Amino acid sequence: MTHPHVTDKHPGELADVPGWFPPLDQMLFTWFLERQHKQGTHGDLLELGVYMGKSAILLGRHLRPGETFTVCDLFEGEAPDGANQAEAAKSYSSLTRQAFERNYLSFHDTLPTVIAAPSSVVAEKVAPGTCRFVHIDASHLYEHVHGDIGAAHDILLPDGIVVLDDFRSEHTPGVSVAAWEAVLNRGLRPVCLSTQKLYGTWGDPEPLQEDLLEMLRQRTDVGLSVQEAAGHRLIRTRSRGMKPPPFPASRHYVAPVPAPAPAETAGPRAARPARPAPSRARRLARDLLPPVLTRAVRRARASRA
């Protein structure tokens, strides 16, 4: 995430929104959120770190009446420490609240609750035990991720889902340390791993994993393996040419103009003049002469021509 995206246009489709949200994670987000709906699980949604809003736009589609969606990001604000400020300047210099809101409102009628501040303030803004889904994608520094995981533990419902972004990227070792520390020492139970994100819960992961495996085994566009580590079952997933799940176009979508049919460059081909009918003598020769002699006559005529 060292190359910031810059855009000043209204997106027509979710794919037009800059950000790092692969099709595999779009599918997994959708599956977890739809499963919660089928199970009758009610609760709020929370995202820490929104960048240009790509994952927030998908999350907002799964908000139901009576629920609240809260997002938290520094945007143009001051980071709480020098290391975080350097990280923000390097990877998110193009992020503005205006850009996020423009993108989000292209797909939704109203904005989520926006907290323009460090993620450390979320515990004061969001009540404990109220959220069913929390996506953590803010700072990648260990101290901040450690605090975000602790806040998610308190904010989530007992069977809520937390998603940790960049838990295995080579440029974010702080996330890796905080994530696996939470698994080994803070009661977090992994549900599954994608190439980019760890999906976990502080509840019982077994029912989730059984339903997830049933779904994944029916797909041909997902690589799947199951491993055991430190007493945890780890479902590993990877994309095999997966396409993003269907998502409604924005209010600014413009259908592509069909390519014009190629123009006619020439009129119909002129009819070739009919060959004159052979004379009676030529017909007799053709019918009576042996084939070998006929070929010899043709060669002789050709040589005289």
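Residues numbered from 1 in each chain as written. Predicted model: local features only at pLDDT ≥ 70, side-chain atom pairs only at ≥ 80, totals over all residues. Heavy atoms only, no water.

We now examine the pattern of salt bridges. Applying the stated rule across the entire model yields nine salt bridges. Ionic pairing is found between Asp 211 and Arg 35, a salt bridge with its closest N-O pair at 3.0 Å. Taken together, the positions of Asp 211 in helix H8 (residues 206-216) and Arg 35 in helix H1 (residues 23-39) put the pair 176 residues apart, joining distant regions of the chain. Salt-bridge contacts for Asp 109 lead to Arg 251; the nearest nitrogen and oxygen are separated by 3.1 Å. Here the residue Asp 109 occupies a position in the loop between helix H4 (97-105) and strand E3 (113-116), and Arg 251 occupies one in the loop between strand E9 (232-239) and helix H9 (280-288), the gap between them amounting to 142 residues. Since its relative accessible area comes to 70%, Asp 109 is described here as exposed. Using a relative accessible area of 48% as the deciding quantity, one classes Arg 251 as partly exposed. A single network of salt bridges, built from pairs that share partners, joins Arg 64, Glu 67 and Arg 132. (Salt bridge = Lys/Arg side-chain N within 4 Å of Asp/Glu carboxyl O. Helix = DSSP H or I, 4+ residues; strand = E, 2+ residues; numbered from the N terminus. Buried < 20%, exposed > 50% of the residue type's maximum accessible area, 1.4 Å probe, protein only.)

Below, the discussion takes up the environment of Leu 208. Here Leu 208 is to be found in helix H8. A sequence separation of 176 residues divides Leu 208 from Phe 32, and the C-alpha atoms of the two residues are 8.7 Å apart. Among residues more than four places away in sequence, those in contact with Leu 208 are Trp 31, Phe 32, Arg 35, Ile 161, Val 191 and Thr 201. (Contact = heavy atoms within 4.5 Å.)

A separate point is the pairing of strand E2 (residues 69-73). Of all five residues in E2, five are buried; the element is thus mostly enclosed. Burial along E2 is two-sided: Phe 69, Val 71 and Asp 73 and Thr 70 and Cys 72, pointing in opposite directions, are all buried. For strand E1 (residues 44-48) and E2, the ladder comprises four bridges, and the chain directions are parallel. Across the sheet, residue Leu 48 finds its bridge partner in E2, namely Cys 72. (Pairing = 2+ DSSP bridges.)

Taken as a whole, this structure holds one cavity of 30 Å³ or more when the rule is applied. Of the volumes computed, that of the largest cavity is approximately 40 Å³. Taken together, Ile 136, Asp 137, Ala 138, Ser 139, His 140, Val 145, Asp 165 and Val 175 form the lining of the largest cavity. In terms of residue class, the lining of the largest cavity is built from four nonpolar, two polar and two charged. (1 Å grid on protein atoms, 1.4 Å probe; cavity = no way out; pocket = protein on both sides within 12 Å on 5 of 7 lines; lining within 4 Å. Points joined across faces, edges and corners; volume = space filled by probe spheres on them. Nonpolar A, V, L, I, M, F, W, Y, C, P; charged D, E, K, R; others polar.)

Core analysis: the largest hydrophobic core is formed by 41 residues, its most contacted members being Met 27, Leu 28, Phe 29, Phe 32, Phe 100, Phe 133 and Leu 212. Every element with two or more residues in this core is listed here: H1, helix H2 (54-61), E2, H4, strand E5 (156-165), strand E6 (189-193) and H8. Sequence-distant contacts of Leu 28, defined by excluding residues within four places in its chain, comprise Cys 192, Ser 194, Tyr 199, Leu 212 and Thr 237. Formed by 29 residues, the second largest nonpolar core is a distinct cluster that contains Leu 48, Ala 117, Val 122 and Cys 131. (Core = buried A, V, L, I, M, F, W, Y, C linked by side-chain atoms within 4.5 Å.)

Further remarks concern unusual backbone geometry. Even without a glycine there, the phi angle at Phe 75 is positive, about 50 degrees. Mapped onto the elements of the fold, Phe 75 is located in the loop between E2 and helix H3 (82-91). Take Phe 75: its relative accessible area is 8%, and that puts it in the buried class. You will see that Ala 230, though not glycine, has its phi angle at about 55 degrees, which is positive. For Ala 230, the location among the structural elements is in the loop between strand E8 (222-229) and E9. The class for Ala 230 is exposed, based on a relative accessible area of 64%.

Note that all results are geometric; they support no functional claim without further evidence.
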